[in-house]
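Reading the structure
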Amino acid sequence: MVQNCYLCHGPDASGRKAELRLDTYEGATALLKEGGHAIVPGKPSKSQLIYRINHEAEDMVMPPPDSNYKLTIREKALLEKWIDQGAEWKSHWAFIKPETEIAHNESKAIDSLINMRIQQKGLMKSSQADKNTLIRRVSYLLTGLPPSPEDVQHFIADTSKDAYENMVDSYLNSTGYGERWARHWMDLVRYAETKGHEFDYPIVGAYKYRDYLIRAFNQDLPYDQLLREHLAGDLLEEPRENKEMDISESPMGTAFYVMGEGKHSPVDIKKEEADRIDNMIDVTSKTFQGLTVSCAKCHDHKFDPISADDYYALYGIMESTRFAPIADISMTTRQTAEEIQDLNLYMRKIIADSWTQKDVQEMTASGELQKKDLPRDAPFKIIGDFRNSNFDGWITNGLAFGKRTTLGNPLVDKTSGKLLGLDEGRASSKTLGTGVLGSLQSPNFILDTDYIGVRARGMHSTIRIIIDNFQLIQNPIYGELEQQINAKAWNNYVFDISPWKGHKAYIEILPGGYKGHYYSLPENAFIEAQYAVTYDTEWPVEMKRPINGKPVEKEDWPTLDLSAGLVKGLNQKLKEGRLPSKFPELATAMDSNRQLVEKLDSDSFFYAITDGFGINSPVFNRGDHNDLLEEDIPRRFLSALPLGNVPFTSKGSGRLELAEAMLNEENPLTARVMVNRIWHHLFGKGIVETVDNFGLQGKLPSHPELLDYLAIKFQKEEWSIKKMVRSIVTSQAFKRSTARNDELTSKDPNNIYLASFPVRRLQAEAIRDGVLAVSGSLDSTMYGPPVKTYLTEFMQGRGRPNQSGPMDGAGRRSIYQEVRRNFLEPMMVTFDRPIPFSTFGNRNVTNVPAQSLTLMNDPFIAQQAQIMAEKLLAQKELTFDQKIEWIYRRTFSRKPNPEEINKAKQFISGLRKMESASKTDSDIEILIWKDFCHSIFNLKEFIYLI
């Protein structure tokens with residue numbers, strides 16, 4: 001029914017025909033408008049559905065011929081039998097909470113559940129694979145690298161009962177494990193280091209996210225924490241700190257949001273925003289819930305219980321999220337910043353203790369504090385006034401702007417410690433010194449005037465007008481939305497925003513700036529701002545003085561948290577000598593402040609997200625961003641899942657609430673989806689084959705009881721990915737041989753029931769890394785900026801880098817090679833690494849001529865074959881048989897048999913006859929053994945696990 005009926009008679013009301021709904025009991029058994037019932041439980045002969053599916057007339061039969069759907073005889077019989085048995089409706093299996101009676105620590109549970117299905121199907125299990133096969137299988141699937149000959153020899157010689165488990169643990173604890181499993185995850189989040197499209201602009205610091213993943217998998221970060229850090233790592237009250245590297249890990253997880261594609265000059269930026277958010281929803285829902293929520297963009301989902309309201313509830317969450325460069329702040333830097341702020345507070349208290357509030361009362365009584373109110377009919381609007389003590393509702397990110405404006409900060413003679421005055425109010429990125437990363441962002445507002453004005457000063461800094469969250473600001477269309485600030489004197493910066501009236505926008509003020517959409521932060525960069533306004537004709541002269549200053553409150557005095565008017569009055573009294581100005585302690589404090597500022601690191605940064613202000617989005621009628629329905633949909637989770645009808649209450653995006661809803665213990669999907677991915681990576685096929693789609697269009701689980709058991713086990717074992725991997729690879733099912741007899745092939749041609757281990761081709765990265773490993777060229781250095789893409793003469797086009805990387809990728813593993821969307825590495829694409837535009841939890845596995853041609857003709861493969869030959873021939877003591885064994889032990893993790901040695905002799909002999917007599921003997925030997933090694937790289941056994 002899902003495959004053949006739901007398109008016209010399913011959850012989507014907008015496309016429903018004849019007012020008939022078949023996905024619910026109530027709808028299917030309701031009275032039809034022409035009389036009768038589509039389904040009468042227990043009575044197929046009275047059910048119109050059975051009558052219509054068996055009808056012979058084209059205008060009566062269902063599905064109609066023009067739908068191109070047609071029920072088979074078996075499907076018709078199944079429907080009739082189901083109705084005869086009572087037509088029981090159940091929720092789709094994936095929306096039912098997992099249940100099991102098996103203890104999570106039952107060591108043989110996996111095998112007992114698999115063997116139960118094998119017995120039910122009358123299949124004969126294959127025997128256990130030999131040790132050479134097992135260590136190669138485990139090594140490649142856990143680390144993406146072949147086992148070293150030494151590791152193979154050690155495992156073969158180990159006759160203890162725990163030999164296999166010890167071998168598994170050694171690979172689980174190797175650094176290569178994190179590199180391999182991070183790459184699996186990168187397929188889900190469409191990892192790339194550039195944005196693609198016309199000029200392939202960079203995603204700044206993307207590699208930091210890749211390194212974050214490697215560390216997370218190697219440290220066995222619990223999956224629930226990994227999920228929280230991805231969805232809301234910037235919002236956690238206690239972010240995870242890496243003490244060894246002195247960095248905060250949690251915010252880096254959010255970089256996955258910015259891995260999408262980006263255009264630099266879209267004509268319709270509202271549509272660009274809608275497309276970008278659609279991609280974010282698609283990736284987030286598939287990755288963590290295994291659901292195709294984006295199918296509900298234009299209408300209710302045709303098959304799954306996901307409404308358009310659900311889609312736009314998530315849309316509001318993403319729309320409330322902003323993009324920005326994020327400081328890679330070390331714990332030491334954060335601590336230093338807090339010390340500087342504490343020192344400033346200490347200096348304020350010294351002054352406040354010396355002065356009294358009597359002076360304040362005198363100025364208030366004498367009218368010295370005159371508060372200016374904004375006239376109701378003022379021809380301008382204040383977006384932010386920073387001449388008071390707070391940021392007027394704006395939000396700060398990073399450390400640069402601190403927690404408040406400069407109002408009331410002591411101005412001290414550095415030598416004598418004499419107080420020169422209290423600082424006037426302004427937003428300043430110099431609170432900790434110049435060259436510190438951070439941004440100041442306004443709330444969202446609708447553009448309804450011709451101009452935005454910002455009074456500011458600074459050096460090497462930027463003011464940007466972000467419209468509909470569009471970031472790639474440049475000419476010819478959007479260049480006027482960004483201005484560079486390079487003047488230490490105060491200036492009025494004017495932005496003509498008349499072409500974008502009616503759009504949503506916010507103002508961003510930040511030190512540093514973008515060149516070619518690559519953010520940089522010079523050491524002397526800073527920016528300060530007094531206020532921001534919108535207006536239609538002339539700059540508002542009324543803004544020369546602060547508007548509506550903060551009233552004085554008694555409890556603010558000890559910290560000099562005062563209004564602008566009061567600070568001005570106190571400065572006048574100080575100038576007239578009516579207040580104490582000598583504070584020797586301030587000189588010492590200023591010296592300490594100077595030393596702390598010098599300790600601040602010049603921290604690097606990466607592109608990720610920050611939290612904005614909560615926006616509830618309306619439904620876009622049929623997905624049209626220009627046709628909005630009236631009602632705003634509260635931000636919330638999916639209504640078909642637990643907590644799905646509870647609106648989020650946070651003032652920001654609600655991403656943290658989204659993470660907690662996904663991790664709710666009643667949610668049937670989160671654990672199931674992840675353990676299914678783990679199973680898929682180890683067996684080549686998930687228990688649910690459609691790993692990114694657990695909905696009604698997805699495949700049914702081959703072993704539902706096993707999937708439920710693993711999901712519950714995963715949660716009870718504290719979401720440990722390594723423990724789950726270990727449990728699976730130590731099962732007898734995983735250790736079986738790939739050998740299959742004719743009967744097994746006939747009864748289970750697709751190996752659904754795992755009576756044997758599936759033959760698997762290595763993924764692209766494992767093939768390339770394997771070549772480097774066996775040739776001895778692999779550089780195991782971890783982390784850091786990517787190795788530039790090697791550019792062939794055929795890789796041309798706009799956005800082409802000026803510099804090519806080395807052909808061998810500097811010997812680094814494939815995960816460290818640059819991923820440029822417009823210049824993807826040909827070998828990776830040939831061997832089915834997915835194009836990074838959406839979630840791909842299940843790579844295609846093709847078998848095409850281009851793969852053989854790559855292994856035969858790619859200069860990289862030939863280069864590594866030569867390197868391997870040279871290292872082989874450097875061992876002059878080896879006999880011919882020992883040379884063949886040397887090669888086989890590295891490439892196949894086993895010794896050659898006598899027949900293979902004999903064939904090698906014949907092959908080498910043939911190569912010798914082909915070589916020119918003009919070459920020297922040493923040159924001939926190199927060429928011969930190079931060709932032999934090259935031929936080994938082309939054998940099925942090298943690129944397959946068999």
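Residues numbered from 1 in each chain as written. Predicted model: local features only at pLDDT ≥ 70, side-chain atom pairs only at ≥ 80, totals over all residues. Heavy atoms only, no water.

A separate point is the overall build of the chain. A tally of regular secondary structure across the chain gives 31 helices and 21 strands. Counting only C-alpha atoms and orienting by the principal axes, one finds that the chain spans roughly 105 × 90 × 55 Å. Expressed as a percentage of the 946 residues in the chain, the buried residues total 56%. The contacts of the chain with a sequence gap of at least 6 include a subset with a gap of at least 24, amounting to 74%. (Helix = DSSP H or I, 4+ residues; strand = E, 2+ residues; numbered from the N terminus. Buried < 20%, exposed > 50% of the residue type's maximum accessible area, 1.4 Å probe, protein only. Contact = heavy atoms within 4.5 Å.)

This part takes up a nonpolar patch on the surface. Side chains of Val 829, Ile 835 and Phe 837 sit close together on the surface and give an oily, nonpolar patch of about 250 Å² of accessible area. Along the chain, Phe 837 turns up in the loop between helix 25 (826-830) and helix 26 (849-857). (Patch = residues over 30% accessible without salt bridge, like charges linked within 9 Å, V, L, I, M, F, W, Y side chains within 5 Å. Areas by Shrake-Rupley, 256 points an atom, 1.4 Å probe, with all protein chains shown as cover. Salt bridge = Lys/Arg side-chain N within 4 Å of Asp/Glu carboxyl O.)

Let's shift gears to the UniProt feature "domain: DUF1553" (unreviewed entry) in the chain. UniProt feature "domain: DUF1553" (unreviewed entry): in the numbering of this structure it lies at residues 654-907. With 46% helix and 1% strand, residues 654-907 has end C-alpha atoms that lie 66 Å from one another. (UniProt positions renumbered as here; feature names shortened; annotations may be inferred.)

This part covers the environment of Ser 498. One can find Ser 498 in the loop between strand 12 (482-496) and strand 13 (504-511). On the accessibility criterion, Ser 498 (29% relative accessible area) is partly exposed. If near-sequence neighbours (up to four positions away) are discounted, Ser 498 is found in contact with Thr 449 and Asp 450. A distance of 2.7 Å separates polar atoms of two side chains, one belonging to Ser 498 and the other to Asp 496. (Polar contact = N/O pair within 3.5 Å; in protein donor to acceptor, adjacent residues only side chain to side chain.)

So, on to the nonpolar core. Grouped together as the largest cluster of nonpolar side chains are 241 residues, with contacts concentrated most on Trp 185, Ile 507, Ile 509 and Leu 682. Ignoring anything within four residues of it in the chain, the contact list for Trp 185 reads Tyr 209, Leu 213, Phe 217, Tyr 223, Leu 226, His 230, Thr 287, Phe 288 and Met 674. Counting 18 residues, the second-largest nonpolar core is a separate cluster that includes Leu 32, Leu 49, Ile 50 and Ala 87. (Core = buried A, V, L, I, M, F, W, Y, C linked by side-chain atoms within 4.5 Å.)

Along the chain, Met 62 connects to Pro 63 via a cis peptide bond; the corresponding omega equals -5 degrees. Mapped onto the elements, Pro 63 comes out in the loop between helix 3 (48-53) and helix 4 (73-84). Residue Pro 476 is bonded to the preceding Asn 475 through a cis peptide linkage, with omega at 10 degrees. Along the chain, Pro 476 turns up in the loop between strand 11 (451-467) and strand 12. Phi angles above zero are rare outside glycine, and Glu 19 is one such case at about 55 degrees. Considering the arrangement of structural elements, one finds Glu 19 in the loop between helix 1 (6-9) and helix 2 (25-28). Take Glu 19: its relative accessible area is 71%, and that puts it in the exposed class. Backbone geometry places Ala 810, a non-glycine residue, at a positive phi of 60 degrees. Residue placement: Ala 810 occurs in the loop between helix 24 (764-775) and helix 25.

For the rest of this paragraph, the subject is the packing of helix 10 (residues 206-218) against helix 11 (residues 223-232). Contact geometry of helix 10 with helix 11 gives a least axis separation of 11 Å together with a crossing angle of 165 degrees. The orientation of helix 10 relative to helix 11 falls into the category roughly antiparallel. Helix-helix and strand crossings are classified by hand; for helix 10 and helix 11 the assignment is right-handed. Judged by residue contacts, Tyr 209, Tyr 212, Leu 213, Ala 216 and Phe 217 of helix 10 engage Leu 226, Glu 229 and His 230 from helix 11. Grouping the constituent residues of the contact of helix 10 with helix 11 by class yields six nonpolar, one polar and one charged. (Axes fitted to C-alpha atoms, helices over the stretch in contact; angles between N-to-C directions. Parallel < 35°, antiparallel > 145°, perpendicular 65-115°, else oblique. Left-handed = near helix turned anticlockwise from the far one by under 90°. Nonpolar A, V, L, I, M, F, W, Y, C, P; charged D, E, K, R; others polar.)

Below, the discussion takes up the environment of Leu 853. Tracing the sequence through the fold places Leu 853 in helix 26. Overall, the relative accessible area of 44% leaves Leu 853 in the partly exposed class. Linking Leu 853 and Asn 938, residues 85 residues apart in sequence, is a C-alpha distance of 9.5 Å.

Let us now look at the pattern of salt bridges. Taken as a whole, this structure holds 55 salt bridges when the rule is applied. Of the charged contacts in the structure, one is a salt bridge between Arg 21 and Asp 23, with a shortest N-O distance of 2.6 Å. On the basis of relative accessible area, Asp 23 is assigned to the buried category, the value being 18%. Between Arg 387 and Asp 385 there is a salt bridge, with its nearest N and O atoms 3.1 Å apart. Taking relative accessible area as the criterion, Arg 387 reaches 6% and is therefore assigned buried. Ionic contacts of the salt-bridge type, sharing partners, join the residues Arg 183, Asp 187, Glu 765, Arg 833 and Arg 843 into one network.

Bringing helix 6 (residues 131-143) into the picture now. Under the 1.5 Å per step criterion, the end-to-end length of helix 6 is 18 Å for 13 residues, consistent within 8% with the ideal 18 Å. Among all positions in helix 6, only Thr 133, Leu 134, Ile 135, Arg 136, Arg 137, Val 138, Ser 139, Tyr 140, Leu 141, Leu 142 and Thr 143 are buried. Backbone nitrogen of Asn 132 and a side-chain oxygen of the N-cap are separated by 3.0 Å at the start of helix 6; the cap is Asp 130. Just beyond helix 6, the residue with positive phi is Gly 144, at close to 75 degrees. (Expected span 1.5 Å × (residues − 1).)

The geometry of an aromatic ring pair is captured by two quantities: the separation of the ring centres and the angle between the planes. Applying the stated criterion to the full structure yields 37 aromatic pairs. An angle of 40 degrees between the planes, with centres 5.6 Å apart, marks the rings of Tyr 312 and Tyr 315 as tilted. Taken together, the residues span about one helical turn, with Tyr 312 and Tyr 315 both in helix 13 (residues 308-319) at a distance of three residues. An identical accessibility class is assigned to Tyr 312 and Tyr 315; each is buried. Above the plane of the ring of Phe 155 lies Lys 131, whose end atom (NZ or CZ) is 4.7 Å from the centre. The ring of Phe 734 is capped by Arg 137, whose NZ or CZ atom sits 5.8 Å from the centre of that ring. (Phe/Tyr/Trp six-rings, centres within 6.5 Å; stacked < 30°, edge-to-face > 60°. Lys NZ or Arg CZ within 6 Å of the ring centre and 35° of its normal.)

A word on the UniProt feature "domain: Cytochrome C Planctomycete-type" (unreviewed entry) in the chain. As recorded in UniProt, the sites labelled "domain: Cytochrome C Planctomycete-type" (unreviewed entry) are residues 5-66. Strand forms 0% of residues 5-66 and helix 23%; the C-alpha atoms that close the span are 13 Å apart.

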